[in-house]
Structures are given as C-alpha cells and as structure tokens.
Amino acid sequence: VNTRKHPLGIPPPSEKDWPKDEEDFFLLDPDRERDALPQPFRMINKLVMQVFESAMEIIERREMLREAQNLKVQPKKCFPTAEFQVTERANCLAVSGKYVFVGLSEGLAAFNTCDFKDVCAWDAAKTEICAIHALDLGNECHVLLAVDEMGLVWLFCFHKESFLLVKILNEVEDISQRSTCVEEVLSRGGDYAGILLQGNTKAWLEIYQLPKDSWLTEMEKNSGAAEGLACSERGSSCLSEVGTFLLQELPVPAIQADVELDLPVLLLRVRPPKPITGTSFKDPLDALKEVDDDSMLGLGYNHLIKDSQWELQEAIFCSTYREYLEAEGVTKEEIPRHATFHFLLPSRILMGPEMEVQPDIPVGIGVHWDGNHNFCLYLLNTGKADSDLMPDVVWPCAAPIACSAVSSCSRYLALAGEDATITIWDKHLGYPLSVTAILEERFIRSIHFL
C-alpha cells in the first residue's frame, strides 16, 4: 500500500501553463463569440461609431440648451393694433393724454388714440421738427416744446384739436447772435420749462415759468365763445327741405386769431462755471470776508493760490508725466458746452423755514456741466435772470460727474462719476445713502431709477 508522506495540496499557479490564445477572453463581449471583422470593415465600423457618438453629443447639447431656454421667462411679443398715416417723413413723436404728436419734415401733426385719426396739423412755418416734448395740463389742454432743424424752440399750446403758437423762445433779430437748442425739459405739471442753448463760443441754460393757469382760463373763455357762435350758425343753416341741420365748423385760423395767451417769463439764465484762476486776495482775512458777502462756498473761487503757483504746478506736472500726456493727446481744458439739469421738488436743502411752497411744484433745479465736479442747485424764484447767477447749494464730488438721475418723488439723487462710482443722495436730508464702485475702466453713460 502506497501512502503519501505529505498532505495533498493545490499546486501554485504558473503563467507558463496559461493558454496563449485566450489571454483576453475576459474582455470579450459574450454576444460577440464570432471572429472580429476583417479589414477594411473594422475601420469602417470604427468611423461609423465615431460619427454616431459625435451626433449623440450634439443632440444632447442641443437638448440641454433647449431646456435651459424653456426655463427662462419668454418676452411677450407685441404686434401693432393700428397705424397712423402721415403724408410727410416722421422724425419724432410724443404722447400726451389721448393724443400723439408727431414731428414731420414740414410741421406738426396730432392724432387721436381713440379712433386713430389725424385731428390737426400745423405747417405754417414750413420747418422740419426734430424733437418734441409734450405734457397734459388738464381740461383738454396740452403744452408742447418743439425744436426745428435750425435749433429754434417753438412753444405751442394745443387745445380743442388746434395748435396755438405762443412764442419762439430763442428767436433773435440778428442771425449772427442766434443760438441753437440742444436739450429741452418740461417740469412735471407743466409749471416750468428749461432749454439748453449753445452759441458760437458759449452755452447757457434758460428756465421759463409757464403761465398755465391763465392759459386754461383763456381757453375756457375762448371755447365758450366758439360754442356760442357755432350754435348761432347752426340755427341759421337749417334746411327745411331735408329736415336736418348742417353743422358748420369754425375755421381753425379764425379761432386762433382771437386767442391771446400770456408769454412765458424768463426766471433764470445759468452759465457754466468759470475756470479757477489765481487769487486776488492778499491774506486769508480777505477771503473770509468774501465768503461772508453771500459768496457760495464749494466752487473753489475763494482760495489763496497765486497765478505763479498754478503755473509752477502745471509745469511740474507736465514735466513729470510728459510721455503719458503726449500719448493720450491731452488738450487744454475748455469751458463746458453741455449740461444735465433736473427740476427738483421742495426739500430741506432748497427751501428755508419761512418759504411757502406747494409739495408738487418744483422750487429749484439741479445742474452739472460736463467735466465738472460740482452739482449745483438753484432756487427758481430768485428774480436774478440777467445777473451773474451763483448757485444756492453746491455738492462737490471726488470725480467729474458723468451723468445723474432724480427719482420720481424727487427725494433721491444719483450721481455717477467718471471714476465709475455711483452715489445715492437723500436730497431731503442732504447726506449720501450709498456709494457703489463699478468695475475699473468702465464709463457710465446713463443712470435711471426704476
């Protein structure tokens, strides 16, 4: 009997005993027991699979974009419900009440939004209207500021579907002294109008008070007389044969000829700030005396820097940064020719304790000129239209003011500087609420309250 001296064990594995033809058998798909395709069919199959996978990636990407687009709020598509037919080229339009006023290549036209029909047209001057501002004064009366191609400002009063020309605000007899209007603003309520004018070498701002109460009274008297005359004409034009009445309308020029409206009153003429020059004061006491003489603090005029010091500072600056100045082509500072202005309602900054004002009528304006650091506030009823007007309040800013905006309640003021900084001021209390800095190398062109 043969007996084993050692217990039976499992022999260690050895790679040399593995079959060579089945090394990758565990990687093969069980469904692909047949042999692989021969060339060139394997290459064709590989290309087809790549095309299929690329197509699936494109399809999945487009589906993801479509789903993301569906999740966004879709804008509402609006289509025109009616159209106005004009005979001339339309340059601008303004909406006031139920009327749409259109500036044409020759005159003005008014359309009624209720029946979409042309109700009146004005082309007496045969001039092209380039800009319109309109405001509803109530009692079917509207005030219009229209600027023509020559920069003249036409002040109209629209009543009972007829245009009444009140005045050309910047008309002069000498054509060489003519100024052009670059901006016009009507205050909310129609109590005031402001126009920014530019001459050959200078610019200024004019603020007018509109006598809207007397306009409304005159319109009521005129409309009552016109209705009485129309009734008398209807009674005399009765036709007995047909048994009806012919309504004979009054000609518009005849009605306009009997109306004499009061002219607007010039309240303020604001000019750009003068450049800061060397001082004429001998000592600090003289400068303090000038401040006590009603001179406004904040414009930078009352200082003790001499002309020689200004020239020395400019020479040092130019020699230090000469290469940068030559690269950027810096030019000499000029007097600004454009301004932004707003009509401001009563607040603690603009009114004193003894002033009697109405809460919905402006009491002042806020102005800032291009390239200037100061936001200047002026009271309207100062009686200094032709004098060298100084601001009543000055708010200096760290950088030149690029643009500004006033809230609808006129309490909050937003100032955007050329350094991309936005400051929100509480105009009622006179202090800033917030300061926000935008990304560097960004220039803010406009700002609005929502």
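Residues numbered from 1 in each chain as written. Predicted model: local features only at pLDDT ≥ 70, side-chain atom pairs only at ≥ 80, totals over all residues. Heavy atoms only, no water.

Going by what an unreviewed UniProt entry lists, the chain is known as WDR93 protein and is assigned to Dicrurus megarhynchus.

Draft legend 1. Region of interest: the pairing of strand β8 (residues 163-168). Judged from the 5 bridges that link them, strand β7 (residues 153-159) and β8 form a sheet pairing that is antiparallel. Paired with C157 across the strands is L164, a residue of β8. With antiparallel pairing between neighbouring strands as the criterion, β7 and β8 make up a hairpin whose turn holds 3 residues, including K160 at a positive phi of roughly 55 degrees. (Pairing = 2+ DSSP bridges. Helix = DSSP H or I, 4+ residues; strand = E, 2+ residues; numbered from the N terminus.)

Draft legend 2. A look at the sheet that holds strand β5 (residues 129-138). Sheet architecture is open: 4 strands sit in the order β5-β6-β7-β8, paired in antiparallel fashion. Looking at strand neighbours, the two that pair on one side only are β5 and β8, the edges of this open sheet. With direction set aside, neighbouring strand axes in the sheet form an average angle of 20 degrees. (Axes fitted to C-alpha atoms, helices over the stretch in contact; angles between N-to-C directions.)

Draft legend 3. Inspection of the packing of aromatic side chains at higher detail. The full count for this structure, using the stated rule, is 12 aromatic pairs. Centroid distance F101 to F163: 6.1 Å. Interplanar angle 65 degrees. Geometry classified as edge-to-face. Here F101, found in strand β2 (residues 99-104), pairs with F163, found in strand β8; they are 62 residues apart in sequence, far enough to count as distant. Given a relative accessible area of 0%, F101 falls into the buried group. With relative accessibility at 1%, the residue F163 sits in the buried group. (Phe/Tyr/Trp six-rings, centres within 6.5 Å; stacked < 30°, edge-to-face > 60°. Buried < 20%, exposed > 50% of the residue type's maximum accessible area, 1.4 Å probe, protein only.)

Draft legend 4. Highlighting the environment of F375. As for its position among the elements, F375 is in strand β17 (residues 374-379). A relative accessible area of 0% means that F375 is categorised as buried. For the pair formed by F375 and W395, sequence separation is 20 residues and the distance between their alpha carbons is 5.1 Å. With residues up to four places along the chain from it excluded, the contact list for F375 reads G366, V367, H368, V393, V394, W395, I401, S404, L413 and L415. (Contact = heavy atoms within 4.5 Å.)

Draft legend 5. Region of interest: unusual backbone geometry. Backbone geometry places K126, a non-glycine residue, at a positive phi of 55 degrees. Note that K126 resides in the loop between β4 (117-122) and β5. Residue class for K126 comes out exposed when judged on its relative accessible area of 52%. You will see that A420, though not glycine, has its phi angle at about 60 degrees, which is positive. Here A420 is to be found in the loop between β20 (412-417) and β21 (421-426). When its relative accessible area of 2% is taken as the criterion, A420 is described as buried.

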